[in-house]
Every structure is written in structure tokens, then in C-alpha cells.
Amino acid sequence: MTNMAGIRIIGVVGAGQMGAGIAQVVAAAKYQAVLADVDNSALSRGMKSISSSLARFVSKGSLSQEESDATLGRIKTTVSLSELRDADLVIEAVSESEDLKKRIFSELDRVVKPSAILASNTSSISITRIASFTQRPQQVVGMHFMNPPPLMKLVELIRGLQTDEAVYNTVRELAQRLGKTVTCSRDYPGFVVNRILMPMINEAFIALQEGVATAEDIDMGMKLGTNQPMGPLALADFIGLDTCLAIMRVLHHGLGDSKYRPSPLLVQYVDAGWLGRKTGRGVYNYKSAL
């Protein structure tokens, strides 16, 4: 089984906002990163996002151009999961779909070396269930980065029922070497962060649906009234309304409490394709800014 000293190559599956950010964090910490996605255009967008992020650090003086270039040089891209065969640890960062994660973990289990650790960046789905898709459940762990990974300091670690203590300790030490602060959660739906955050976002949608206040006033009230950096509706747009809805459905199904029932307005926005910043329209309209 891989230990901390044996981690040199880290695979990241999914080149979206989270996956690209995680690959950047990994490479910035001087690990070799292999970023995998089935879509070449997604990989191109992911690498462009990483370049832009690094350029911002350089412009602020917190990173030298040489360090930026070296970080980019440590990231390899691929459209084949078989290219992760030499990875010591793989972090899955695809969308919040259990069926998709099942396919990916089943394939990863076949192609990566037996000693490799498999981690999921899932924000709500059971790590124990994800681990059951593999023949190495003791080497599967939840490693939930916050968005955007290069800026947010927290990593939420989740032990599955069968996660080995040595695996957990290895991943915890890795997260710290990536410059992150670690919190640990038991394997319950939504873990800690999203079990508390998503019902708040959902309640903001219910307040908007009921006409309690405008979206702007709801967000301003929560920003200035509770000292949050952005309001819950703007945050939902940033996260992606489809992701918020998927997490609420996991909470509702997994915990069985009606208080987790997704807001009908949130469901309607997702049905309309209003997913937030990534589509140019969510609670707010971003098309003029695109």
C-alpha cells in the first residue's frame, strides 16, 4: 500500500473547475500531476484555466514566473484512464453522479497499480458505496476540496467504513503538504460542509420562490448580516445549480427528512438549463459579462 514517501505521481480525473484546480494545487506542491478527461476540449479549457490562475498569482507577486512555468510543466494531460497506471494516488473530480463515479472507480481499480490510493472529491455521495465499486475498499477515501481549490484552504477528509487507518493518515499528510487545513467527517450524506451549507442555499431559494425578498436583498442580507463573502444565491450560481440540486437530492434520499426536500424553484432553474455562471444564467444573468 502506498505511503506518504511513495507518493510522487498524482492523477486527477475530470478537467472541470474542480479537477483543474486540484491539478494546479498538486503541481504547485511539486508533485507530478496527470489530468485526465474523456474530452480534449475540456482538457484544453482546464489547462487554460490553470494558466490564467497562475498568471494571477504572478501578477500579485505571490508566485514567480519561473515557479508558474515549472508548475505547468509538471502537469500532463490525457484522455485515457490507462495513462494513470503509474499514479500513486488518483483523485476523482467529476460531476456529482453516482453512476458516473461507479464507472470511473471500477475502471481505475482495473488500471492503476494495486498499491495506489483512490480518492473522491465527492461533496455528498457515500465513500463506503464508492469504495464498493472497487476491489480495494480499504484504499478508498473522500478528499473533498473546496471551490476554487487554489484559493480555498480547507480539505474535508471522509473515511469510508473500510478505509484503512494508514491510508487516511497518508492522505491527511498529503493534504497538509498541499498547504491545506484538514477536517475529518464520518461517512454521512453531505458530510459536514454541505450538510450545513446546502440547506442554507436551498432555504434561500425557498425564500426567493415565496417572494420574501429579491435575490439581491436575500444575498445582501446574508452577506452583511452574517459576514459571508457572498450571498447564498450568488454562491449557488458559482457552484452550479445542478450540483446544488444533486447534493440536496443526496441529502433528502440519504437522510429521509423532508427538511432536505429541494426547492421547486431550484429544480425549475435546473430544468431550464439555468445552471449559474457556467451557462451564463442562474439566479443572476451573467451573459453580459461573458
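Residues numbered from 1 in each chain as written. Predicted model: local features only at pLDDT ≥ 70, side-chain atom pairs only at ≥ 80, totals over all residues. Heavy atoms only, no water.

Draft legend 1. How the structure looks around the environment of arginine 195. If you trace the backbone, arginine 195 turns up in helix α7 (residues 193-209). Separated by 52 residues in sequence, arginine 195 and isoleucine 247 have C-alpha atoms that sit 8.8 Å apart. Beyond its immediate sequence surroundings of up to four residues, arginine 195 is in contact with Tyr188, Pro189, Gly190, Leu251, Leu255 and Tyr260. (Helix = DSSP H or I, 4+ residues; strand = E, 2+ residues; numbered from the N terminus. Contact = heavy atoms within 4.5 Å.)

Draft legend 2. Looking closely at the packing of α7 against helix α11 (residues 264-271). Where α7 contacts α11, the axes come no closer than 7 Å and their chain directions differ by 90°. When the interaxial angle is binned, α7 and α11 end up roughly perpendicular. On the side of α7, the interface is formed by Asn202, Phe205, Leu208 and Gln209, while α11 contributes Pro264, Leu265, Leu266 and Tyr269. Here the contact of α7 with α11 is built from residues that sort into six nonpolar, two polar and no charged. (Axes fitted to C-alpha atoms, helices over the stretch in contact; angles between N-to-C directions. Parallel < 35°, antiparallel > 145°, perpendicular 65-115°, else oblique. Nonpolar A, V, L, I, M, F, W, Y, C, P; charged D, E, K, R; others polar.)

Draft legend 3. Quick peek at the UniProt feature "site: Important for catalytic activity" (unreviewed entry) in the protein. Under the UniProt annotation, the feature "site: Important for catalytic activity" (unreviewed entry) is placed at His144. Residue position: histidine 144 is located in strand β6 (residues 140-145). Accessibility expressed as a relative area gives 6% for histidine 144, which makes it buried. In contact with histidine 144, not counting residues within four places along its chain, are Ser120, Asn121, Thr122, Ser123, Leu154, Val155, Glu156, Ile158 and Asn194. (UniProt positions renumbered as here; feature names shortened; annotations may be inferred. Buried < 20%, exposed > 50% of the residue type's maximum accessible area, 1.4 Å probe, protein only.)

Draft legend 4. Layout of the domain arrangement of the protein. Here the protein is described as being made up of domain 1 (9-186) and domain 2 (195-278). Contact residues are listed per partner, giving seven residues for domain 1 and four residues for domain 2. The contact between domain 1 and domain 2 buries some 480 Å² in all, and 66% of this surface belongs to carbon and sulfur atoms. Looking at the side of domain 1 facing domain 2, the largest losses of area belong to Glu96, Ser124 and Asn147, adding up to 60% of the total buried there. At the junction of domain 1 and domain 2, the tally comes to zero salt bridges. Summed over the shared surface of domain 1 and domain 2, the result is zero residue pairs in polar contact (both at pLDDT 80 or more). Here the residues of the side of domain 1 that touches domain 2 sort into two nonpolar, four polar and one charged. (Domains from an automatic or database assignment. Buried area = accessible area lost by both parts, 1.4 Å probe. Salt bridge = Lys/Arg side-chain N within 4 Å of Asp/Glu carboxyl O. Polar contact = N/O pair within 3.5 Å; in protein donor to acceptor, adjacent residues only side chain to side chain.)

Draft legend 5. Fine view of the UniProt feature "domain: 3-hydroxyacyl-CoA dehydrogenase C-terminal" (unreviewed entry) in the protein. Per the UniProt entry, the sites bearing "domain: 3-hydroxyacyl-CoA dehydrogenase C-terminal" (unreviewed entry) are residues 190-286 in this numbering. Span residues 190-286 is 62% helix and 0% strand, its end C-alpha atoms 28 Å apart.

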